[in-house]
Amino acid sequence: MSLMSFILDTLQPRVNDSANSRMWLPAQLAGMTDSDNNPVLPISATNQQLGAITGSAGQQVASDFASTYATFVGASEPYTVGAEPDPSAPLPTFAFPQLQILGLENLEAEAHPPVPNAGGYDVTLELAFGAYSGTVNGIVMHPLSLTGQYDINQALLYGNAANPPSSWTSTLLHGTGQITIVLTACKMLASAAASISGTGDTRTVQVTVNSLQLVGVDASGKADPSVEPVVNVTNLTLDADLGGAEQGLIAIIENALQQPEANAALTQEVNALLGASDNLGSINQLLAARTDGVLDAILGPVAAGGLPDDTGQKAATAVDLYLFDRIRLALNDEGSSWFLPLQLASSVDPVIDPYVNSEIDVPDQTIMGLKYSGIVLTDVVLAGASNTAMPVPATMLNMGPITTTLTLGKLAGGPVRTVQRGTKTVQMAVPPVPPINFGANFTITQNGITQLTLTGALAVGIAGATAILTITPAGTSVDDLTITLSQATASLAASTTTVSVSLNPPNDNSGLQQLIQMLFSKPQVQNQILSVLNETLAKQAGDLSDQLSQIARNAIISNLGG
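> What is the right way to look at helix H9 (residues 510-521) in this model?
Because each turn of an α-helix spans 3.6 residues, side chains separated by three or four positions end up pointing in the same direction. For H9, which comprises 12 residues, the first-to-last C-alpha distance of 16 Å matches the rise-based estimate of 16 Å (1.5 Å per residue) to within 8%. All of the buried residues in H9 are Leu512, Leu515, Ile516, Leu519 and Phe520. An end-on view of H9 places all buried positions within 135 degrees of arc, on one side of the element. Close packing links the buried residues of H9 with strand E16 (365-367), strand E17 (370-383), strand E23 (436-447), strand E24 (451-463), strand E27 (496-503) and helix H10 (523-539).

Structure follows, in structure tokens:
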């Protein structure tokens, strides 16, 4: 599982969910500001030159302008007036003295699979326009459109039709008006890169948009740079002194702007505005702020000590390694919902803390020459097992499974928290005060001159135990995240234990009680008890995996606003 792919696939449905107040993309874009704290959208521009309207459509506009002008001028001349496009500038030119691009926030996002590179990942986002209509969450949702003032100019020659055009007079026919152009069947391709900024323990992940490109879509609706968007002129006025012939020319201009040549020029103009350094700078400023915010929301902020050392780690890219480092820190951050003791305390099937086992059989033992048999522990309760730390240096990423050595019962006691176990809530200290406490009732038979059956209660305090944990995360996003537990083996090798025994009914023979206490203090007895607990947990690995998966999913989803 690529951590970068996981994050992108996790974010996609949430940035497209208008009910998600934290992640919804249109709200993020609508709130984007420049370095002076002015709104970036809508994009406004002045003196944008579309250039000549080429092709047959431009030729038709020029011809119709010439014939219309000849009729208009001819009404006041005693001779027949001829007019034609000036050969030195035969095509009409189009410009926008004032222009706004609306609808750039009205988007839905789809991320293509990230491609690893030397520094991290290349990421392509496919953004569909016109995702919403009306007003959503207080934001007016325009279609992608250009609106503003336009100028059109046509150079002509005119004169007495009986004379050759070389003797005619040149003139520039000028028109202006208001225009609204709606672009449909189009998407925006955003080319971005995820890389690491900085070095050592202060490094961060940086997402940079390198280019934005407006493109058309193919028959299946996929972005296709070889296809132009569809242009629809929905409003056009023309102010020109042509004796009332302007209305006919409006239809001619509209038709020309909707031809392929003009479409290409309009698309090029929009792309130039989208790719302007100011616009990309504002977007990257937004991304810089939001990237840290998203990661902090998922994993919690980086602790004051900074990021851990990466010696021995293996990851696909430096970005994956950075993300894993953030996870390692989050598992040890008591303020994070990833805090390992909190996750373990939340387990419901089985309940990890307190962990209950109905019965454990212990092999026969010999103490001071006496043989003890029929050793059975009942009503076993292991309390405080959620006092577990996953030390950062001992947590290793190796291109797949994550292996760590846990330390048990060493964390200082934490505050009382509300722990959710399914539909139940439990109030408990997280992490619990050390040491870990093992309690059970016991039955034991002492085989001497006479056979004596003893019952009582056993209490063991455990400090400094360790456990080897191996988990494998999988899934394309948080919604199908699974964490498979393949190893969870505790050891008492480095621990210290404090054993207390009480007989029931109380026995005046303190020596007898000391013998039983010595029996349960034997490392082989303690290891046998632990072996049974390890075997029981191994049998419950599937249920534990389901629990860890659900707890991790809940932690991430709640931090992303659902």
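Don't stop here, the text continues.
> Got a minute to help me understand unusual backbone geometry in this structure?
Negative phi characterises most residues that are not glycine, and trans characterises most peptide bonds. Of note, the bond from proline 434 into proline 435 is cis; its omega dihedral lies within 30 degrees of zero at 0 degrees. For the bond from asparagine 504 to proline 505, the omega torsion is 5 degrees, close enough to zero to count as cis. For proline 505, the position within the fold is in the loop between E27 and H9. Phi is positive for alanine 185, which is not a glycine, with a value near 50 degrees. Its place among the elements puts alanine 185 in the loop between strand E10 (169-184) and strand E11 (186-197). Assessed through its relative accessible area of 40%, alanine 185 is described here as partly exposed. Phi at methionine 368 takes a positive value of approximately 55 degrees, unusual for a residue other than glycine. Its place among the elements puts methionine 368 in the loop between E16 and E17.

> It is not clear to me how the confidence of the model for the protein should be interpreted in this structure. Could you clarify?
Residues shown with low pLDDT carry predicted positions that ought not to be read at fine detail. Per-residue confidence for the protein gives a mean pLDDT of 86, with 98% of residues at or over 70. Confidence, read as mean pLDDT per element, is least for strand E19 (residues 395-397) in the protein (66) and greatest for strand E7 (residues 135-136) (95).

> So what exactly am I meant to see when it comes to empty space enclosed by the protein here?
Rolled over the atoms, a probe with the dimensions of a water molecule shows which regions are left empty. Here the structure, examined in full by the defined rule, presents 2 cavities of 30 Å³ or more. Counted as a void, the largest cavity has a volume near 50 Å³. In terms of lining residues, the largest cavity is bounded by Leu299, Gly300, Pro301, Val302, Ala303, Arg326, Leu329, Ala330 and Asp333. Top element by residues in the lining of the largest cavity is helix H7 (residues 318-331). It accounts for 3 residues. Class assignment of the residues belonging to the lining of the largest cavity gives a composition of 6 nonpolar, 1 polar and 2 charged. In this structure, the second largest cavity encloses a volume near 40 Å³. Surrounding the second largest cavity, Leu50, Gly51, Ala52, Ile53, Thr54, Glu261, Ala262 and Ala265 form its lining. Counting residues per element, the ones that place at least two in the lining of the second largest cavity are strand E1 (43-52) and helix H5 (260-274).

> When you look at the environment of leucine 512 in this model, what are you seeing that I'm missing?
With respect to the helices, strands and loops of the structure, leucine 512 is situated in helix H9. A C-alpha to C-alpha distance of 133 Å links leucine 512 and serine 76, two positions 436 residues apart in sequence. The contacts of leucine 512, once residues within four sequence positions are left out, are Gln446, Leu452, Leu454, Leu503 and Asn507.

> Can you help me understand the packing of H9 against H10 in this one?
Any two packed helices are characterised by how steeply their axes cross, that is the angle between the axes, and by the distance between the axes. In the contact formed by H9 and H10, the axes pass within 5 Å of each other and the chain directions differ by 60 degrees. On the basis of their axis angle, the class for H9 and H10 is oblique. In this structure, H9 uses Leu519, Phe520 and Ser521 to contact H10, whose residues at the interface are Pro523, Val525 and Gln526. Across the contact of H9 with H10, the residue classes break down as 4 nonpolar, 2 polar and no charged.

> Is there a simple way to think about the layout of surface pockets in this case?
In this structure, the second largest pocket occupies an estimated 910 Å³ of space. What lines the second largest pocket is a set of 42 residues, among which Val15, Leu25, Leu125, Val207 and Leu287 lie closest to the centre. Looking at the lining of the second largest pocket, the elements that each hand over two or more residues are helix H1 (3-15), helix H2 (25-30), strand E4 (107-111), strand E6 (120-129), E11, strand E12 (204-217), helix H6 (277-299) and H7. Per-element tally for the lining of the second largest pocket: the top contributor is H6, with 8 residues. Broken down by class, the residue content of the lining of the second largest pocket amounts to 35 nonpolar, 4 polar and 3 charged.

> Please clarify how the pairing of strand E20 (residues 402-408) should be interpreted in this entry.
Within a regular beta strand, the side chains point alternately toward one face of the sheet and then the other, so they alternate between its two faces. Across the 7 residues of E20, 5 count as buried, placing the element largely inside the fold. Strand direction decides the pairing type here: strand E18 (residues 388-389) and E20, joined by 2 bridges, are antiparallel. Paired with threonine 388 across the bridge in E20 is leucine 408. Summarising the sheet, E20 and strand E25 (residues 465-474) pair through 7 bridges and their orientation is antiparallel. Bridged to threonine 404 within E25 is leucine 469.

> Looking at this structure, how should I read the nonpolar core?
Most often, soluble globular proteins keep nonpolar side chains buried together rather than apart. One finds Phe94, Leu377, Phe438 and Phe520 to be the most contacted residues of the largest nonpolar core, which totals 143 residues. Examining the composition of this core, we find that 8 residues originate from one element, H7, more than from any other. Apart from the residues within four sequence positions on either side, leucine 377 is in contact with Ser358, Glu359, Ile360, Phe438, Ala440, Asn441, Phe442, Leu458, Phe520 and Ile529. Core analysis: the second largest hydrophobic core is formed by 6 residues, Phe339, Val419, Met428 and Val430 among them.

> What am I meant to see in the side chain of serine 347 here?
Looking at the element boundaries, serine 347 is found in the loop between helix H8 (340-345) and strand E15 (355-362). The contacts of serine 347, once residues within four sequence positions are left out, are Ile352, Arg421, Leu544, Gln547 and Ile551.

> Explanation requested: the packing of aromatic side chains in the structure shown.
The description of an aromatic ring pair uses the distance of the two centres, along with the angle that the planes make with each other. In this structure the tally under the stated criterion is 5 aromatic pairs. With a centroid separation of 5.4 Å and an interplanar angle of 85 degrees, the aromatic rings of tryptophan 24 and tyrosine 132 are classed as edge-to-face. With tryptophan 24 in the loop between H1 and H2 and tyrosine 132 in the loop between E6 and E7, the pair connects residues that are 108 residues apart, well separated along the chain. Judged by relative accessible area, which is 1%, tryptophan 24 ranks as buried. Accessibility expressed as a relative area gives 15% for tyrosine 132, which makes it buried. With 5.4 Å between their ring centres and 55 degrees between their planes, phenylalanine 442 and phenylalanine 520 make a pair best called tilted. Separated by 78 residues along the polypeptide, phenylalanine 442 in strand E23 and phenylalanine 520 in helix H9 bring together distant segments of the chain.

Conventions used here
- Here the residue numbering is sequential within each chain, running from 1 through the sequence in written order.
- Owing to the predicted nature of the model, reporting of local features is limited to residues with pLDDT of at least 70; listing and counting of side-chain atom pairs is limited to 80 or more, with chain, interface and lining totals taken over all residues.
- Where side-chain values are given, they derive from all heavy atoms of the structure, hydrogens and water being excluded.
- Think of it this way: any DSSP run of H or I at least four residues long counts as a helix, any run of E at least two long counts as a strand, and we number them from the N terminus.
- Expected helix span is given by 1.5 Å per residue-to-residue step, counting one fewer step than there are residues.
- Partly exposed residues are those whose accessible area sits between 20% and 50% of the maximum for their type, while under 20% is buried and over 50% is exposed, using a 1.4 Å probe and protein chains only.
- Along the arc lie the directions from the helix axis toward the C-beta atoms.
- In what follows, residue pairs with any heavy atoms lying within 4.5 Å of each other are defined as contacts.
- Within a predicted model, pLDDT stands for the predictor's per-residue confidence, ranging from 0 to 100.
- The definitions used throughout rest on a 1 Å grid laid over the protein atoms alone, on which a cavity is an enclosed set of points accommodating a 1.4 Å probe that cannot get out and a pocket is an open set flanked by protein within 12 Å on both sides along at least five of seven lines; lining residues are those having an atom within 4 Å of a point.
- Grid points are joined across faces, edges and corners, and a volume is the space filled by probe spheres set on the points.
- Side-chain classes follow a simple rule in which Ala, Val, Leu, Ile, Met, Phe, Trp, Tyr, Cys and Pro form the nonpolar group, Asp, Glu, Lys and Arg form the charged group, and the remainder, Gly included, forms the polar group.
- Every axis corresponds to a line fitted to the C-alpha atoms, with the helix fit spanning only the stretch in contact, and the corresponding angles, defined between N-to-C directions, vary from 0 to 180 degrees.
- Angular relationships are summarised with four words: roughly parallel below 35 degrees, roughly antiparallel beyond 145, roughly perpendicular across 65 to 115, and oblique for the angles in between.
- One bridge is not enough; two strands pair if DSSP finds at least two bridges between them.
- Definition of nonpolar core: a set of buried residues of the types Ala, Val, Leu, Ile, Met, Phe, Trp, Tyr and Cys, connected through side-chain atoms within 4.5 Å.
- Ring pairs are drawn from Phe, Tyr and Trp, using the six-membered ring of Trp, whenever the two centres fall within 6.5 Å, and their geometry is named by plane angle: stacked under 30 degrees, edge-to-face over 60, tilted for the rest.

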